[in-house]
There are 2 protein chains.
Amino acid sequence: MPEFLKLTPIKQALEVLLSHVEVNIGSERVKTIDALGRVTAKPVISPIPLPQFPRSTMDGYAVRASDTFGASEGLPAYLHVKGEIHMGTTPGFDIQAGEAGLIHTGGMLPNSCNAVVMLEHTQKVGEDTVEILRPVAVGENTIKVGEDVQEGEEVIQRGERIHPPEMGGLAALGIVELEVVRKPVVGIISTGDEVVPPDHDLLPGQVRDVNSYTLSSLMELSGASPKRYGIIPDQADKLLSISARALNECDMVLIAAGSSASARDITAQVINQLGSPGLLVHGVAIKPGKPTILAVCSHKVVIGLPGNPVSAFVVAGFFAVPVVESLLGLSNVAVYPRIPARLSNNLPSEAGREDWVAGRLYSNQSGYVVDPIFSKSNLIFSLVRANCLIRVPLDANGLSADTIVEVQLLSFSSLPK
Amino acid sequence: MPEFLKLTPIKQALEVLLSHVEVNIGSERVKTIDALGRVTAKPVISPIPLPQFPRSTMDGYAVRASDTFGASEGLPAYLHVKGEIHMGTTPGFDIQAGEAGLIHTGGMLPNSCNAVVMLEHTQKVGEDTVEILRPVAVGENTIKVGEDVQEGEEVIQRGERIHPPEMGGLAALGIVELEVVRKPVVGIISTGDEVVPPDHDLLPGQVRDVNSYTLSSLMELSGASPKRYGIIPDQADKLLSISARALNECDMVLIAAGSSASARDITAQVINQLGSPGLLVHGVAIKPGKPTILAVCSHKVVIGLPGNPVSAFVVAGFFAVPVVESLLGLSNVAVYPRIPARLSNNLPSEAGREDWVAGRLYSNQSGYVVDPIFSKSNLIFSLVRANCLIRVPLDANGLSADTIVEVQLLSFSSLPK
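J.: Tell me about the relation of the copies chain A and chain B, and name the residues and values.
T.: Relative to chain B, chain A is turned by 180° and slid 0.0 Å along the rotation axis, the superposed coordinates differing by an RMSD of 0.1 Å. Viewed as a symmetry operation, the transformation between the two copies matches a two-fold axis. Measuring from the rotation axis to each C-alpha of chain A, the shortest distance belongs to A:Ile339, at 3.2 Å.

Below you can see the structure in the form of C-alpha cells.
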C-alpha cells in the first residue's frame, strides 16, 4: 500500500498550485445589469466627473457664504429670495450679493453660490425675504464637481468582483456594458465502481454520486461554470480518455477518486499521463483530505480529490475555489471570512495535520460560539448539520473548550470585495 | 418642513415590520441540481437509511472482532483469507470464525463481520492467510446501516437554504426534485424629477438612476426576483398609480424617494393611500437612513427608502433583505456575519443614532483591521471603495482608534446556514 512520503502543509501546497495557474482565460462583454458576481477584465475609467454639476446636500437656501458671516438668531442676515431651483434642471437664474435661492437636496447650485444654509437655520419673512440665523462656511452643504470621482479616474480595478455598490457606481457613470472575465469552465468527474447517479435505485453495495452535486454547486458559487462528465468506473483507460476530453474542454478538472486506495492509485496514474509537469503535490497535511493530488497538466490545473464526499468538498474549498478565483484574476485570492468563535467542547486532534472539523456556529450574548459536530467518518449529513468548519492548527494536540478558534463559513466564499 | 417626531431604533423597527410579514407565498417544484440558494418549502424526510448497507471506512480485512482479541506483533492471529470484496456489489461470501475478507474503503461488510482491521495492521503470509497484528473492537472501522441518517428522519428542516452540502445530502438520498419556496418578487420604483436612466446622456441638473441597479442586485443576492418599474417623476398621482400596480404584482415594493424633503413627503403620502395599516415607522435611528418609511399595505411590505443611493442601499440591507428572508420562511432571519475588527482611526459620531460608516476591512498579523472611509455626503463611490460597514452603537459619542468594532460585510448576506 503506497503511503505519502511527506505531507505538504496546506498553505505551501496552495502556493505551489497557484504559481502554475495561467491567468488569462479571455473576456466577454455583458450588460452591467447582468454583471452581478462577474469580475472586471480591465480597469474601469470614469468618462465624466461625478457629480457633473455642483450640488446641494441639504434642503435650504443657496447663498454666497460671505453674505451669512456674523448671522445669528439675535442678528439674522436678510436675503432676497430670487426664486426656487427645481430638481433636474439648471437653476435658471444666478445669485448676486444679498440674494438667495430656495434649493432642494441634490439640486444644482447657481454659478455664483458657494454654500447652502439648511432650512432649519432660516426663517421665511414675507413673500421674498429669508432670515439667515447661522453663518455658513464656503463649500458648506455642497458637493463640488468631481468630488466623488474625477474624469479619467480609475474607479474600479481590473480583477474586482461586481457587487451591488459597483453596479450602482457604473450606473451613475452611464456605463451600461462591461468587459468581464469569461467564467472558468470546471470539469467534474466522479469515479468509483460503487457509485451510481442520484436518480438510480441502489443495489446492495452501491452508493449515489454525491460529489457531482456538491462540487458543481461549490464551483457555481465561486464564479465558475461547472461541467459534469458523469461517473467513470475504476479503470485507468476509461478514466484517462474522459479526463483528456475534460482537460481539452475545460479550464480546470476535478476528479473525485473512488474511495479505495487502489482507485486513488488509478487517479494518480491517470493524472500523470495527462500532460506535463503533472503531479505537483501528492498528500496534503489536512484532515479530511490527506490523499489530495494537486497537478498541472498542459497548463491547466487538475485536482484529484478524495472520494469521501466530505473530504472532497473540504479539499475543493481550499484548493479548487482559490484556483477559480485566480483564473478570474481576482485581486484578492483566498481571503476567507474566518470568524473567531468560542469552542463549546473539547476537540481532540493529532499534531502535524491541520484539522477542519464540522461545526455549528451561533451567537449568544457573549459573541460567537461554535459546537463541534462529532462524526466518526465524515458522513455527508454531518456537513448538512454544520454551518462552518473549525480550524485545529497544524501543531495543536487537540483544543480545550473555551478556546477561541477560527471558523470558516461553509460557503467558502471569499470576502465580498 | 415636517420632522420625524421620534426615531425608532433599528432593531425595534425591524421587529415591527417583520411582525406583519405574511409568510406563505407559495412553493414550486425544481430539480435538486438547480436548487442552489433556494429555500425548502417543507421538511425533507429521508426515504432510506444512510448508509443502506454496513460499510468499511478503511482499506483492510473484514473480520469477526473476537477473532482478533489478544493479537499483537509478537503473537499475531492467523486468519484464512476467503476472498476480496469488490466495490459496488454484495460480498458474495460470508465470513466464519477464523476467516477474513479483503475489503476496500466503502466496501460492503459480509453478514457475519463486525469490524475491519486496517491494512497497516496486517501482514499477508502466503496465498490465502493474513496475520492480524492488532486487535479490533466490535464496530471498529465500520459504519452501521443508518449511522448517518435513519429512514424517516427529518434531514433538512423547512425554511433551510440549499447549499452545496444539502445538494450532496439530497443526492445521497436519491431526492432529485424538491419543493422550494417561490422567489419573492420585489418591485423597485425609482423616483425623482432629476433622475434619468443610466443609458441616457445627462442634461445639467440631472443624475442617473443608481438605485434601480443597486437595489435589484441586492434583492437578487438575497434570493428574491427583482422587478424594476423605472423612474417616476415627483408627482403623487403618477407615483400612486405605479405603486398600486407594483403592489398588486409583487410580494414587496421598494420606493426610492427623490432626494428632496418634498419628494419624501410625496412618498409617505402615496404609501398611506396604498392600503391599510399603512405607515408603521416613519424615521429610523440610523445614519445613513433616517427618513426611512416602513409600511404594510394590504398585507405586503412597502419600504420608502431615502433617495441618496448609499442611504437607500444601507437601509435596504437592514430592512428589505430580512423581509425577503422572512418571506422565504428562512428559519434564521437577519443573522449577519458581523466580524470584529480593530478600528484604525478615530471615528466621530453623535449619540442617539446607530451609525454605519463605509469601511475597508483587511487582515494583518494581528487579525482584522478596518479603515473608515470618510465621505461627507455618502457618495456612491465611497461604497465602491469600501467592502464593509462599521457599526457605531446608538449610545456612542464617536469611537477611538484601536477600539474593536463590529463590521458588517457589504454583501448583506446572512450566515450561509
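J.: Help me get a handle on the sheet that holds strand 7 (residues 115-118) of chain B, residues and values and all.
T.: Residues and elements named next belong to chain B. Strand order in this open sheet of six strands is 7-4-6-5-9-8, and the pairing throughout is mixed. The sheet is open, and its two edges are formed by strand 7 and strand 8 (122-125), each paired on a single side. The average angle at which neighbouring strand axes cross in this sheet is 40°, direction not considered. Inspection of the sheet shows strand 4 (residues 60-63) paired to strand 6 (residues 99-103) by three bridges, in the antiparallel sense. Bridge pairing links Ala62 to Gly101 in strand 6.

J.: Lay out the pairing of strand 8 (residues 122-125) of chain A in plain terms, naming residues and giving numbers.
T.: Residue and element names in this part refer to chain A. Bridging between strand 8 and strand 9 (residues 129-132) involves four bridges; their strand directions are antiparallel. Bridged to Val125 within strand 9 is Thr129. The antiparallel hairpin formed by strand 8 and strand 9 contains three residues in its connecting segment, where Gly126 sits at a positive phi of about 75°.

J.: Can you tell me about the environment of A:Glu131, naming the residues and giving the values?
T.: Residues and elements named next belong to chain A. Inspection of the secondary structure assignment puts Glu131 in strand 9. For Glu131, a count of 16 C-beta atoms within 10 Å gives the class partly exposed. In sequence terms Glu131 and Tyr78 are 53 residues apart; their C-alpha atoms lie 4.8 Å from each other.

J.: For the nonpolar core, give the residues involved together with the corresponding values.
T.: Residues A:Leu254, A:Ala316, B:Leu254 and B:Ala316 are the most contacted members of the largest nonpolar core, which totals 214 residues. Setting aside residues up to four positions removed in sequence, A:Ala316 forms contacts with A:Leu215, A:Leu218, A:Leu254, A:Leu305 and A:Val321.

J.: Give me the lowdown on the packing of helix 3 (residues 211-221) of chain A against helix 2 (residues 164-173) of chain B, citing residues and values where you can.
T.: Contact geometry of helix 3 of chain A with helix 2 of chain B gives a least axis separation of 7 Å together with a crossing angle of 155°. In this view, helix 3 of chain A runs roughly antiparallel relative to helix 2 of chain B, as classed from their interaxial angle. The chirality of how helix 3 of chain A crosses helix 2 of chain B is right-handed. Residue-level inspection shows A:Tyr213, A:Thr214, A:Ser217 and A:Leu218 of helix 3 of chain A in contact with helix 2 of chain B, the latter providing B:Pro164, B:Pro165, B:Met167, B:Gly168 and B:Ala171. Grouping the constituent residues of the contact of helix 3 of chain A with helix 2 of chain B by class yields six nonpolar, three polar and no charged.

J.: Explain the confidence of the model for chain A residue by residue, including any values.
T.: Residue and element names in this part refer to chain A. Confidence along chain A averages 91 in pLDDT terms, with 95% of residues attaining 70 or more. Contacts for the low-pLDDT stretch residues 413-417, under 50 throughout, to residues beyond four places or in other chains number 22 contacts. Prediction confidence for the complex, expressed as pTM and ipTM, is 0.92 and 0.91 respectively.

Rules used throughout
- Residues numbered from 1 in each chain as written.
- Chains lettered and ligands numbered in written order.
- Predicted model: local features only at pLDDT ≥ 70, side-chain atom pairs only at ≥ 80, totals over all residues.
- Least-squares fit on C-alpha atoms with pLDDT ≥ 70 in both.
- Pairing = 2+ DSSP bridges.
- Helix = DSSP H or I, 4+ residues; strand = E, 2+ residues; numbered from the N terminus.
- Axes fitted to C-alpha atoms, helices over the stretch in contact; angles between N-to-C directions.
- Buried ≥ 20, exposed ≤ 12 C-beta atoms within 10 Å, placed from the backbone.
- Core = buried A, V, L, I, M, F, W, Y, C linked by C-beta atoms within 7 Å.
- Contact = placed C-beta atoms within 7 Å.
- Parallel < 35°, antiparallel > 145°, perpendicular 65-115°, else oblique.
- Left-handed = near helix turned anticlockwise from the far one by under 90°.
- Nonpolar A, V, L, I, M, F, W, Y, C, P; charged D, E, K, R; others polar.
- pLDDT = per-residue confidence, 0-100.

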